[in-house]
Amino acid sequence: MSETGSKAIVTVPAVAVIDEVRDEIEDVKTFYFSFEDPAVGASFRVRSGQFIMCTVFGAGEFAVSLPFSPESDRPHLSVRQVGKVTRALHDLRPGDKIGVRGPFGNGFPFEEIKGKNVIYVAGGIGLIPLRSSIVHVLQHRKDFGRILLIYGSKTAKELMYRYMIDEWKKTEGFETYFTIDNPEPGWDDRVGFVHTLIAPASVPVKDTVAFVCGPPLMFNAVIGELGKAGLKDEAIVSTLERHMKCGIGKCQHCAIGRTLVCTDGPVYTYRQIKTLGEQI
Ligand SMILES: Cc1cc2nc3c(=O)[nH]c(=O)nc-3n(C[C@H](O)[C@H](O)[C@H](O)COP(=O)(O)OP(=O)(O)OC[C@H]3O[C@@H](n4cnc5c(N)ncnc54)[C@H](O)[C@@H]3O)c2cc1C
């Protein structure tokens, strides 16, 4: 463990035990965990928007967001199986062990958004990195203006955290807009790509910040609509995903131009993203 200012960072993998595994959507599971050493657990403080490096012993290590609210949730990860390491994680059961290094990265700018309207726009599993911020903002409802969640996926069964969203909707004034790409039996809400919901939602512009997370095509279309609505580039925030190895700014694996996503990011404003000169 090392100290950076007041933050305790686990720099070598600390062993954590999987307490519970929850099936979310196809190929995505949530893993609740606790640290084997309670002292590590007590000092493991995260900011919304940060990430960890998760070791699956015998398989490898990968970067993963921290979707839990540091204030109120049990530590957990929501992971899509895409390759060797994430598939090995999906094979784990309660009682099995993983390694955790981190937390790393800058996190979302909470103090700067206090008092503002907050728009969350997510596509598919892009809701995972936004989850902790949504929970935080809803828990501090009175500190914010309008709070909107605009969320879409290819099909209804690919919408993440639907059971949680039902709970979140009980918060007064939380506005939700959902869509799926094509009509399907049993779906009586909107149909079409997620960016088509920006105009009907009459998104606020003044004193507003928008958090956008999802696949590149969706991201670019949403940015276009938010821009048309009048949001400035610096009022749009997103997280970048790049292959990571060290997580601490040494290996340069996640470099884009002069920025290192692991230490300077993964949270950037759209104004910053534009200067990186690389397609998101
Ligand atoms: C900061 C950060 C946060 C992340 N948060 C989450 C999360 O909360 N949940 C989650 O499921 N995944 C998340 N990811 C992605 C996750 O790290 C990768 O899916 C994982 O590394 C895949 O490892 P693997 O060995 O299973 O697959 P690999 O064999 O490494 O990759 C399988 C396929 O996925 C592609 N791929 C792998 N990693 C990335 C990446 N970072 N960007 C684009 N394509 C990639 C590969 O090119 C390959 O086609 C995050 C990544 C970053 C950098």
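**Concerning the overall build of the chain**
Here is step 1 of the chain: What the chain contains, in helices and strands, is seven helices and 16 strands.
Here is step 2 of the chain: Expected size for 280 residues packed as a compact globule is a radius of gyration near 19 Å; at 18 Å, the chain falls within 12% of this value.
Here is step 3 of the chain: If you line up the chain on its principal axes, its C-alpha atoms span 50 × 45 × 35 Å.
Here is step 4 of the chain: The 280 residues of the chain split such that 52% are buried.
Here is step 5 of the chain: Within the chain, counting contacts between residues at least 6 apart in sequence, those at least 24 apart form 69% of the total.
Here is step 6 of the chain: Put simply, the chain shows about 13,200 Å² of open surface, and 51% of that area lies on carbon and sulfur atoms.
Here is step 7 of the chain: Taken together, the 33 basic and 33 acidic charged side chains of the chain have centroids lying 4 Å from each other.

**Looking at helix 6 (residues 216-229)**
Here is step 1 of the chain: The end-to-end C-alpha distance of helix 6, which contains 14 residues, comes to 20 Å, matching closely the 20 Å that a straight helix rising 1.5 Å per residue would cover.
Here is step 2 of the chain: Here helix 6 has its buried residues at Met218, Phe219, Val222, Ile223, Glu225 and Leu226. Summarising the axial view, the buried residues of helix 6 lie within an arc of 165°, below the 170-degree limit, and thus occupy one face. Summarising the geometry of helix 6, the exposed residues directed more than 90 degrees from the buried face are Leu217 and Lys228.

**Overview of the pairing of strand 9 (residues 147-153)**
A regular strand places its side chains so that they alternate between the two faces of the sheet.
Here is step 1 of the chain: Of all seven residues making up strand 9, seven are buried, and the element is well covered by its neighbours.
Here is step 2 of the chain: Neither face of strand 9 is open: one carries Ile147, Leu149, Tyr151 and Ser153, the other Leu148, Ile150 and Gly152, and all of them are buried.
Here is step 3 of the chain: Note that strand 8 (residues 117-123) and strand 9 share six bridges and pair parallel. Note on strand 9: the bridge partner recorded for Gly123 is Gly152.
Here is step 4 of the chain: One crossover worth recording links strand 8 to the parallel strand 9 by way of helix 4 (residues 127-139), and it is right-handed.
Here is step 5 of the chain: With seven bridges joining them, strand 9 and strand 10 (residues 174-180) adopt parallel strand pairing. Looking across to strand 10, one finds that Ser153 is bridged to Ile180.
Here is step 6 of the chain: Handedness of the crossover joining strand 9 and strand 10 through helix 5 (residues 162-168) is recorded here as right-handed.

**A closer look at the domain arrangement of the chain**
Here is step 1 of the chain: Once the domains are mapped, the chain shows domain 1 (2-104) and domain 2 (110-239).
Here is step 2 of the chain: Spacing between the C-alpha centres of domain 1 and domain 2 amounts to 25 Å.
Here is step 3 of the chain: Our enumeration of links across domain 1 and domain 2 arrives at one salt bridge.
Here is step 4 of the chain: Between Arg131 and Asp73 there is a salt bridge; the shortest N-O distance is 2.7 Å.
Here is step 5 of the chain: Mapped by element, the contributors of at least two residues to the side of domain 1 that touches domain 2 are strand 3 (28-35) and strand 6 (76-80).
Here is step 6 of the chain: Among the elements that take part in the side of domain 1 that touches domain 2, strand 6 stands out by supplying three residues, more than any other.
Here is step 7 of the chain: Of the residues belonging to the side of domain 1 that touches domain 2, the class tally is five nonpolar, eight polar and six charged.

**Some thoughts on the site of the ligand**
Here is step 1 of the chain: Looking at the ligand, there are 18 residues lining it, with Ala63, Ser65, Ser78, Arg80 and Thr86 nearest.
Here is step 2 of the chain: Between Gly83 and the ligand, the recorded distance is 3.1 Å, taken from a backbone N or O atom to an oxygen atom.
Here is step 3 of the chain: Protein coverage of the free-state accessible area of the ligand, which is 890 Å², stands at 70%.
Here is step 4 of the chain: Residue composition of the shell around the ligand, grouped by class: nine nonpolar, five polar and four charged.

**A closer look at the state of the cysteines**
Here is step 1 of the chain: This structure, assessed with the given rule, holds zero disulfides.
Here is step 2 of the chain: In this structure Cys213 is a free cysteine whose sulfur lies 16 Å from that of Cys254, the closest cysteine sulfur available.
Here is step 3 of the chain: What makes Cys213 buried here is its relative accessible area of 5%.
Here is step 4 of the chain: You can see Cys251 has no disulfide; the closest cysteine sulfur is in Cys246, sitting 3.8 Å from it.

**Re the pairing of strand 3**
Here is step 1 of the chain: In terms of burial, strand 3 is a largely internal element, seven of the eight residues being buried.
Here is step 2 of the chain: The pairing of strand 3 with strand 6 spans five bridges and is classified as antiparallel. When the sheet's bridge partners are listed, Lys29 is paired in strand 6 with Val79.

What counts, and at which threshold
Residues numbered from 1 in each chain as written. Predicted model: local features only at pLDDT ≥ 70, side-chain atom pairs only at ≥ 80, totals over all residues. Heavy atoms only, no water. Helix = DSSP H or I, 4+ residues; strand = E, 2+ residues; numbered from the N terminus. Rg over C-alpha atoms; globule rule 2.2 N^0.38 Å. Buried < 20%, exposed > 50% of the residue type's maximum accessible area, 1.4 Å probe, protein only. Contact = heavy atoms within 4.5 Å. Areas by Shrake-Rupley, 256 points an atom, 1.4 Å probe, with all protein chains shown as cover. Lys, Arg positive; Asp, Glu negative; His and termini not counted. Charge placed at Lys NZ, Arg CZ, Asp CG, Glu CD. Expected span 1.5 Å × (residues − 1). Arc of directions from axis to C-beta. Pairing = 2+ DSSP bridges. Right-handed = clockwise from strand over helix to strand, strands pointing away. Domains from an automatic or database assignment. Salt bridge = Lys/Arg side-chain N within 4 Å of Asp/Glu carboxyl O. Nonpolar A, V, L, I, M, F, W, Y, C, P; charged D, E, K, R; others polar. Near = heavy atom within 4 Å. Polar contact = N/O pair within 3.5 Å; in protein donor to acceptor, adjacent residues only side chain to side chain. Disulfide = S-S within 2.5 Å.

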